[in-house]
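# Coordinate inspection notes
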Amino acid sequence: MPRVGLTTDRVVAAAAGLADEASFEAVTVSALARHFGVKDASLYTHVRNLQDLRVRVALLAGGELIEEIAAAVAGRAGKEALAAFAGAYRAYALRHPGRYAATQIRVDQSLVADSPTLRRTTEITYGMLRSYGLTEPDLTDAVRLLRSTFHGYCALESSGAFGAPRDVQASWDKAVDALHVALENWPRA
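Throughout, residues of each chain are indexed from 1 in the direction in which the sequence is written. Under the rules for a predicted model, residues below a pLDDT of 70 receive no local features and side-chain atom pairs below 80 are neither given nor counted, while totals for whole chains, interfaces and linings still include all residues. Excluded from the side-chain calculation are hydrogens and water; included are all heavy atoms of the structure.

Attention now goes to the overall build of the protein chain. Looking only at helices and strands, the protein chain has 10 helices and 0 strands in total. Dimensions of the protein chain, computed from C-alpha atoms along their principal axes, come out at roughly 60 × 40 × 30 Å. Throughout this description, buried means an accessible area under 20% of the type-specific maximum (1.4 Å probe, protein chains only), exposed means over 50%, and partly exposed covers the range between. Evaluated residue by residue, the protein chain yields a buried proportion of 40% over its 189 residues. The contact criterion used is simple: two residues touch if any of their non-hydrogen atoms lie within 4.5 Å. Taking contacts inside the protein chain between residues at least 6 apart in sequence as the whole, the part at least 24 apart equals 68%. When charges are counted, Lys and Arg contribute as positive and Asp and Glu as negative, whereas His and the chain ends are disregarded. By convention, the point assigned to a charge is CZ for Arg, NZ for Lys, CD for Glu and CG for Asp. Of the charged side chains in the protein chain, 21 are positive and 21 negative; the average position of the first set lies 4 Å away from that of the second. Note on conventions: DSSP H or I runs of at least 4 residues are helices, E runs of at least 2 residues are strands, and numbering of each starts at the N terminus.

On to the pattern of salt bridges, then. Salt bridges are defined as contacts in which a side-chain nitrogen from Lys or Arg sits within 4 Å of a carboxyl oxygen from Asp or Glu. Tallying each qualifying case throughout the model produces 9 salt bridges. When the shortest N-O distance is used, the salt bridge between E80 and R76 registers 3.0 Å. We note a salt bridge from R90 to E157, for which the minimum N-O separation is 2.8 Å. Taken together, the residues R90 in helix α5 (residues 78–95) and E157 in helix α9 (residues 138–158) connect sequence positions 67 residues apart. In terms of burial, R90 and E157 fall into one category: buried. Linked by salt bridges that have partners in common, D20, E64 and R99 make up one network.

Helix span is expected to be 1.5 Å times the residue number reduced by one. Here helix α4 (residues 50–73) contains 24 residues, and its C-alpha end-to-end distance of 34 Å stays within 8% of the 34 Å for a straight helix at 1.5 Å per residue. Each polar contact in these results corresponds to two N or O atoms within 3.5 Å; when the atoms are within protein, one needs to be able to donate a hydrogen and the other to accept it, and residues that are neighboring in sequence are counted only if both atoms are side-chain atoms. At the N-terminal end of α4, a side-chain oxygen is found 3.1 Å from the backbone nitrogen of Q51, two or three residues along, and the residue is N49. At the C-terminal side of α4, G75 shows a positive phi close to 80°.

This part is about helix α2 (residues 29–36). All of the buried residues along α2 are V29, A31, L32, A33 and F36. Where α2 is buried, its residues meet α1 (8–21), α3 (40–43) and α4. The first or second residue beyond α2 is G37, which carries a positive phi of 70°.

Turning our attention to the nonpolar core. Only buried residues count toward a nonpolar core. Its members are Ala, Val, Leu, Ile, Met, Phe, Trp, Tyr and Cys residues joined through side-chain atoms within 4.5 Å. Within the largest apolar cluster, 34 residues are counted, with the highest numbers of intra-cluster contacts made by I69, L82, L129, F150 and L183. Residue assignment for this core shows that the elements contributing at least two residues are α4, α5, α8 (116–130), α9 and α10 (168–184). Excluding residues that lie within four positions of it along the chain, F150 makes contacts with L82, F85, A86, Y89, W172 and L179. Counting 20 residues, the second largest nonpolar core, distinct from the first, contains L6, V11, F24 and V47.

For the pair α8 and α9, interaxial distance at closest approach is 10 Å and the crossing angle is 105°. It follows that α8 is roughly perpendicular to α9 by the angle criterion. Contacts from T125, Y126, M128, L129 and R130 of α8 reach α9 at L139, T140, A142, V143 and L146. Lines are fitted to the C-alpha atoms to define the axes, a helix being fitted only along its stretch in contact, and any angle between axes, read from their N-to-C directions, falls within 0 to 180 degrees. Angles below 35 degrees are treated as roughly parallel, those above 145 as roughly antiparallel, those between 65 and 115 as roughly perpendicular, and all remaining angles as oblique.

Following E136, the chain continues into P137 via a peptide bond in cis, with omega recorded as 5°. By the secondary structure assignment, P137 is in the loop between α8 and α9.

The next thing to look at is the packing of α4 against α5. Running from N to C, α4 and α5 cross one another at 145°; their axes reach a closest spacing of 8 Å. For α4 against α5, the interelement crossing comes out right-handed. Along its contact with α4, which presents A61, E64, L65, E68, I69, A72 and V73, the element α5 presents A81, A84, F85, A88, Y89, Y92 and R95. Gly is placed with the polar residues, together with every amino acid not listed as nonpolar (Ala, Val, Leu, Ile, Met, Phe, Trp, Tyr, Cys and Pro) or charged (Asp, Glu, Lys and Arg). For the contact of α4 with α5, the residue count by class is 11 nonpolar, no polar and 3 charged. Should the near helix be turned anticlockwise from the far one by less than a right angle, the crossing is left-handed, and should it be turned clockwise, the crossing is right-handed.

Quick look at the structure:
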């Protein structure tokens, strides 16, 4: 029987909070049980196992991230949309490091197909890139370029790896400018 007051949403929200406070790797069923003052077994009514819990955190975080991006890019196209997309992505990654880390895990493709959040992510991202005149397979290649650039930059920035005296924001702006130029001049077959 589920413990009164515990719901799947509460468990997942607490896991997301723990991810931001400690790290995504620190999210365990035992850590959450301690947080709620219950035994581990009490949480298995709400999540199947650790992998299920982590996927649920990833989906929660992905939904939060795409909502912020969607709000930022609304009504924009081209470089303006790219800069807004990039800025929202970076802000979320730096503000929610554990949740952001969750968005980087591989999620089973059957869950992707059934997830409105992940479909919305594709719609928003591809919509922004279509303003550059891209179609498949170039859309997929461009998404991979953006994701790897944004993720790499955010990972390095959050770990304090940028040691040069150059302002980190100025470098970010240049990176976005360079991506805009690359997208405008995309090599087509």
